[in-house]
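Structure assessment
Spelled out from the first residue to the last, the chains are:
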Amino acid sequence: MKKILSNKLHIALFCAPALLLFGGFVLYPLLNLVYMSFRNSDGLSISVFTGLRNYARLAGDAAFLKANASSLFLCAFAIVGDAVLGIAVAILLSTLKGPLQKAFRIAFLIPMVLSISVISQLWLAVYHAEWGLLNSFLDFIGLGSLRRSWLIDERTAMICIAVVGMWWIFGYIVLLAYSGLKSIPEQYYEAAKIDGAGFLTTTFKITLPLLSEVSKVCLVFSAVGGLYTFPQVYIMTGGGPGDLTQTVMMYMYKQVFSNQRFGLGAAVAMVAIVESAIVIALINRLMSRRDLQF
Amino acid sequence: MKRCVPKLVSLAAVPILAMALGSCGANGAFGAKKPVKLSLYIQQSDDKMTQAVAMMKDEFPKMLPGIEVTINAIPGEAQAFENKIRTMIAAGGNGLDVWWERGGSFAVPILQAKGALALDDNLAAEKFWDKAIPSAKVPNADGKVYAVPFETIFYEIMFYNPEIFKAHGLTPPKTVADLKNAVKVLKKAGVTPIAVAGKDGWPAAMMVEGFSYPKDPEATKKVVEKKANFSETSYSEGAQVVKELLELGAFSKNVAMDDYSTAEGLFVSGKAAMIANGSWALGDYNTKMKGNVDYFYYPALAEADAAKAGQNVAGGVKKNAGMMVYAGSKHPKEATKLAIATAEVYNRLEYEKLGNPFIAYNPEKIGCASAPAFGPAVQRFASDIGKFQYVYGFVQDVMPSAAGTNGVMEATSKLMTNSAGYGVKEYLADLDKAAKEE
């Protein structure tokens, strides 16, 4: 093996297929995106160089700024609602035993195996202003005064969208965290128990530190998923009514496919990429691993 | 030499046989011509289009001998379908010959990129204009025709359920005050007064336009020709009427999230007493509601103008809408024939089976079997069309840019939320912004 890896030609040959795929499907589109973001194109005619005009336009577009703020809200919501809550639920789940634990695990995983189209239709029925499940439930428990047009009210529309995303991806985060928990050696917990450590102490001193790498993955998945929220918005509201539920991805979709502004859409994508890179860097910095000694 | 002759004959026979077999392969069995293969793309928007596609499958082999058509019926909304066509053209148009183009601002980038074939010569060769009605010929700004008329001719009107109106002692409103009164009565009786697809934006935009028409029918035209902003025209009054109707609870609580099929469902099922829609639905509603449907024109703002309602109506034939032929099609003549056949089959379906006489063709000349018994409302509307004094396209069809069209639809959808922070002033500002989009 050492002999093979010492030969640079062999290394190049082994890497070539993956590199070609990476170059063709990741690197080239990314570079093309950068190129397109400085141009004006309707996707059919020859594009024209416009310098920083697309970026300047975005900076002055209230609709984009609103969509961006909504996406950052979804990102924060996903970090708390998916990653943090998901890890917490996974820890609690690991304390359960037997069929109850299995039942909960299956229950959390069901939304994950459903198509987002089905999930979106289901939640549309939940949120419907007249006959929706949520309003009916509020009536049933005597809180009929809280009834509202959930997806039409600007105070609740974006939260409703966030909940759909959370419900969809929550099981995945729980599964990921649960797998991480199962890889922690049982001896640590036994030793802690002998030392008289309670549930909270073992959680904060053993579980969470040893789960930090998995937690980081959960946080990154949730944050990027929240920032790039699109399918449920597209299916449920189309970004509307008006721009009430417009996210950055929905804004980009509309600019490219509805308004035929491919250059502007590329600039939006660039901003989203930079934002997600910043968010990932922040998560990495916050979760940077410290040496652990037990 | 003698021994060589059979060998030479055999050798000579090989290429001759090969050529003969080759020609059989090229032209079909023993000289029959190989069929021209064409691809047709249609947006399967509703049940009507499903019927049309089934009818096309039956009719094309008879109407288009020597042409083998692959029908690609794409389900989904118009925007997604347009995206697919544009992407196909941008990718070189492989496998695209004929498609249903919705026209208006949708067609602008396709024509700018020279993606569609000018059909004037091919249509003349097919003597096409002998079959179509004169008003169906709407050339592009360059004077050329790029689309074979496909959709029926329509105008923006409001439909109502005569049984519900009669049960509550109501008559079709002539003024906005009459309409508001009807809304109050129906609301009190627990009936949703008006159904409209607020989520889609355009039906609600048609409503704003409809209410602004009786005062100034040229309002939309002035904006399109950049002679005025929306806020300087009668759109301000039209938007005000819609806002007041929202305040009165004239629509379902979910109106801003109601899409086209939901709104139609409310009306056809009798849950809503009125619906804002285009006249294309008249025949369909007449069939589905067993004749219990009628229409009225957008009522006038003032009592003094009540008689003017229905004189000026938005609608007509859309520019660059219909069956288009891809400029790079390998068989442009055959593709034009396919475009014509597609339009004829669809219009026959509308006329013969759906009871819609407002087709862009002379029924006898496209082979319509017989004139069906049109409902009384349909017959009355057919006679009304000839009395319209001024007609101009729907606002969503005539905006100069796709971004402008989307801006109008998005703003109107937002207006339908009836939120406190989004009133007529904010709505008109958004419309003005949309009009300036390029």
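So, here's what we can say about the structure. (Residues numbered from 1 in each chain as written. Chains lettered and ligands numbered in written order. Predicted model: local features only at pLDDT ≥ 70, side-chain atom pairs only at ≥ 80, totals over all residues. Heavy atoms only, no water.)

This part covers the overall build of chain A. Helix and strand counts for chain A stand at 14 helices and 2 strands. Overall, chain A is about 75 × 70 × 30 Å in size when its C-alpha atoms are taken along their principal axes. Within the span of chain A, comprising 294 residues, buried residues form 41% of the whole. Contacts in chain A between residues at least 24 apart in sequence constitute 67% of all its contacts with a sequence separation of at least 6. Accessible area for chain A stands at about 16100 Å²; split by element, carbon and sulfur atoms hold 71% of it. Put simply, chain A has 22 plus and 14 minus side-chain charges, and the middle of one group is 9 Å from the middle of the other. (Helix = DSSP H or I, 4+ residues; strand = E, 2+ residues; numbered from the N terminus. Buried < 20%, exposed > 50% of the residue type's maximum accessible area, 1.4 Å probe, protein only. Contact = heavy atoms within 4.5 Å. Areas by Shrake-Rupley, 256 points an atom, 1.4 Å probe, with all protein chains shown as cover. Lys, Arg positive; Asp, Glu negative; His and termini not counted. Charge placed at Lys NZ, Arg CZ, Asp CG, Glu CD.)

The next subject is the environment of Lys365 of chain B. All names here are of chain B. Mapped onto the secondary structure, Lys365 falls in the loop between α13 (332–353) and α14 (376–385). A sequence separation of 35 residues divides Lys365 from Lys330, and the C-alpha atoms of the two residues are 29 Å apart. The residues touching Lys365, leaving out its near neighbours within four places in the chain, are Asp130 and Lys131.

Of the residues lining the interface, 30 residues belong to chain B; the matching set on chain A comes to 31 residues. Note on chain B versus chain A: buried area summed over both sides is about 2300 Å², and carbon and sulfur give 51% of it. Looking only at chain B, the three residues that lose the most surface to chain A are Lys253, Met257 and Glu410 of chain B, adding up to 23% of its buried area. Run the count over chain B and chain A and you get 4 salt bridges. Counting the contacts that link chain B with chain A gives 14 residue pairs in polar contact (both at pLDDT 80 or more). Breaking the side of chain B that touches chain A down by element, the ones donating at least two residues are α3 (78–90), α4 (108–112) and α16 (402–415) of chain B. Class assignment for the residues of the side of chain B that touches chain A results in 11 nonpolar, 9 polar and 10 charged. (Buried area = accessible area lost by both parts, 1.4 Å probe. Salt bridge = Lys/Arg side-chain N within 4 Å of Asp/Glu carboxyl O. Polar contact = N/O pair within 3.5 Å; in protein donor to acceptor, adjacent residues only side chain to side chain. Nonpolar A, V, L, I, M, F, W, Y, C, P; charged D, E, K, R; others polar.)

The next point concerns the layout of surface pockets. As a volume, the second largest pocket reaches approximately 670 Å³. Looking at the second largest pocket, it is lined by 28 residues, and the ones nearest its centre are Asn40, Asn259, Gln260 and Arg261 of chain A together with Glu438 of chain B. Elements with a contribution of two residues or more to the lining of the second largest pocket: α3 (53–59) and α14 (262–286) of chain A together with α4 and α16 of chain B. Of the residues contributing to the lining of the second largest pocket, the split by class is 9 nonpolar, 11 polar and 8 charged. (1 Å grid on protein atoms, 1.4 Å probe; cavity = no way out; pocket = protein on both sides within 12 Å on 5 of 7 lines; lining within 4 Å. Points joined across faces, edges and corners; volume = space filled by probe spheres on them.)

A word on the packing of helix α9 (residues 186–194) of chain A against helix α10 (residues 199–210) of chain A. Residues and elements named next belong to chain A. Interhelical geometry of α9 versus α10 gives an angle of 165° and a closest axis separation of 11 Å. When the axes of α9 and α10 are compared, the pair comes out roughly antiparallel. α10 is crossed by α9, and the crossing has right-handed handedness. In contact with Tyr188, Tyr189 and Ala192 of α9, α10 contributes Thr202, Ile206, Thr207 and Leu210. For the contact of α9 with α10, a count of residues per class yields 5 nonpolar, 2 polar and no charged. (Axes fitted to C-alpha atoms, helices over the stretch in contact; angles between N-to-C directions. Parallel < 35°, antiparallel > 145°, perpendicular 65-115°, else oblique. Left-handed = near helix turned anticlockwise from the far one by under 90°.)

Moving on, we get to the sheet that holds strand β4 (residues 147–148) of chain B. Residue and element names in this part refer to chain B. Here we have 5 strands laid out as an open sheet, ordered β2-β1-β3-β10-β4, and mixed in their pairing. Two strands bound the open sheet, and with one partner strand each, they are β2 (67–75) and β4. Taken together, the 2 bridges between β4 and strand β10 (residues 322–325) define a ladder with antiparallel strand orientation. Pairing of Val148 across the sheet is with Met323, part of β10. Across the sheet, helix α2 (residues 47–63) is in contact with β1 (36–44), β2 and β3 (98–101); its angle to β1 comes to roughly 165°. Against the sheet, α3 touches β1, β2 and β3, its axis set at about 150° to β1. (Pairing = 2+ DSSP bridges.)

Since the α-helix advances by 3.6 residues per turn, residues separated by three or four positions end up pointing in the same direction. Between the first and last C-alpha of α3 of chain B there are 18 Å, a value that for 13 residues agrees with the 18 Å anticipated at 1.5 Å per step. Within α3 of chain B, the full set of buried residues consists of Ala78, Gln79, Phe81, Glu82, Asn83, Ile85, Arg86, Met88 and Ile89 of chain B. Structurally, α3 of chain B contributes buried residues whose contacts are with α13 (248–258) of chain A together with β1, β2, β3, α4 and α16 of chain B. Positive backbone phi, at 105°, marks Gly92 of chain B, one or two positions downstream of α3 of chain B. (Expected span 1.5 Å × (residues − 1).)

Formed by 92 residues in total, the largest nonpolar core has its most connected members in Trp99, Val148, Phe159 and Met323 of chain B. Looking at which element gives the most residues to this core, the answer is α13 of chain B, with 10 residues. (Core = buried A, V, L, I, M, F, W, Y, C linked by side-chain atoms within 4.5 Å.)

Our focus in this paragraph is the packing of aromatic side chains. Residues and elements named next belong to chain B. This model, assessed by the stated rule, comprises 36 aromatic pairs over all chains. Taking 5.1 Å as the distance between ring centres and 90° as the angle between the ring planes, the aromatic pair formed by Phe358 and Phe381 counts as edge-to-face. Taken together, the residues span a long stretch of sequence, with Phe358 in the loop between α13 and α14 and Phe381 in helix α14 at a distance of 23 residues. Its relative accessible area of 6% is what places Phe358 among the buried residues. Exposure remark for Phe381: the relative accessible area of 0% places this residue in the buried category. One aromatic cluster in this structure is built from Tyr155, Tyr295, Tyr297, Phe358, Phe381 and Phe388. (Phe/Tyr/Trp six-rings, centres within 6.5 Å; stacked < 30°, edge-to-face > 60°.)

Further remarks concern the pairing of β1 of chain B. A regular strand places its side chains so that they alternate between the two faces of the sheet. Residues and elements named next belong to chain B. Most of β1 is tucked away: 7 of the 9 residues are buried. Note that β1 and β2 share 9 bridges and pair parallel. Bridge pairing in β2 links Ser39 to Thr70. One crossover worth recording links β1 to the parallel β2 by way of α2, and it is right-handed. Bridging between β1 and β3 involves 2 bridges; their strand directions are parallel. Paired with Leu40 across the bridge in β3 is Val98. (Right-handed = clockwise from strand over helix to strand, strands pointing away.)

So, about helix α11 (residues 260–268) of chain B. All names here are of chain B. Every buried residue belonging to α11 is among Ala263, Glu264, Leu266 and Phe267, and all of these are buried. Along the axis of α11, the buried residues cluster in a sector spanning 155°; they form a single face. Residues of α11 that are buried sit in contact with β5 (154–160), β6 (192–195), β7 (272–278) and α12 (282–288). Count one or two residues on from α11 and you reach Gly270, which has phi positive near 85°. (Arc of directions from axis to C-beta.)

Let us look at empty space enclosed by the protein. Residue and element names in this part refer to chain B. In the structure shown here, the tally under the stated rule is 2 cavities of 30 Å³ or more. In this structure, the largest cavity occupies an estimated 180 Å³ of space. If you trace the largest cavity, you find 19 residues lining it, with Ala136, Pro149, Val317, Lys318 and Ala321 closest to the centre. Of the volumes computed, that of the second largest cavity is approximately 100 Å³. Lining the second largest cavity are 13 residues, and of these Gly210, Tyr213, Tyr298, Asn312 and Val313 lie nearest its centre. For the lining of the second largest cavity, the residue count by class is 7 nonpolar, 4 polar and 2 charged.

Turning to the environment of Phe140 of chain A, a few remarks are in order. Residues and elements named next belong to chain A. Mapped onto the elements, Phe140 comes out in helix α7 (residues 133–140). When its relative accessible area of 72% is taken as the criterion, Phe140 is described as exposed. The spatial distance from the C-alpha of Phe140 to the C-alpha of Thr229 is 32 Å, given a sequence separation of 89 residues.

All we've got here are geometric facts, nothing functional implied.
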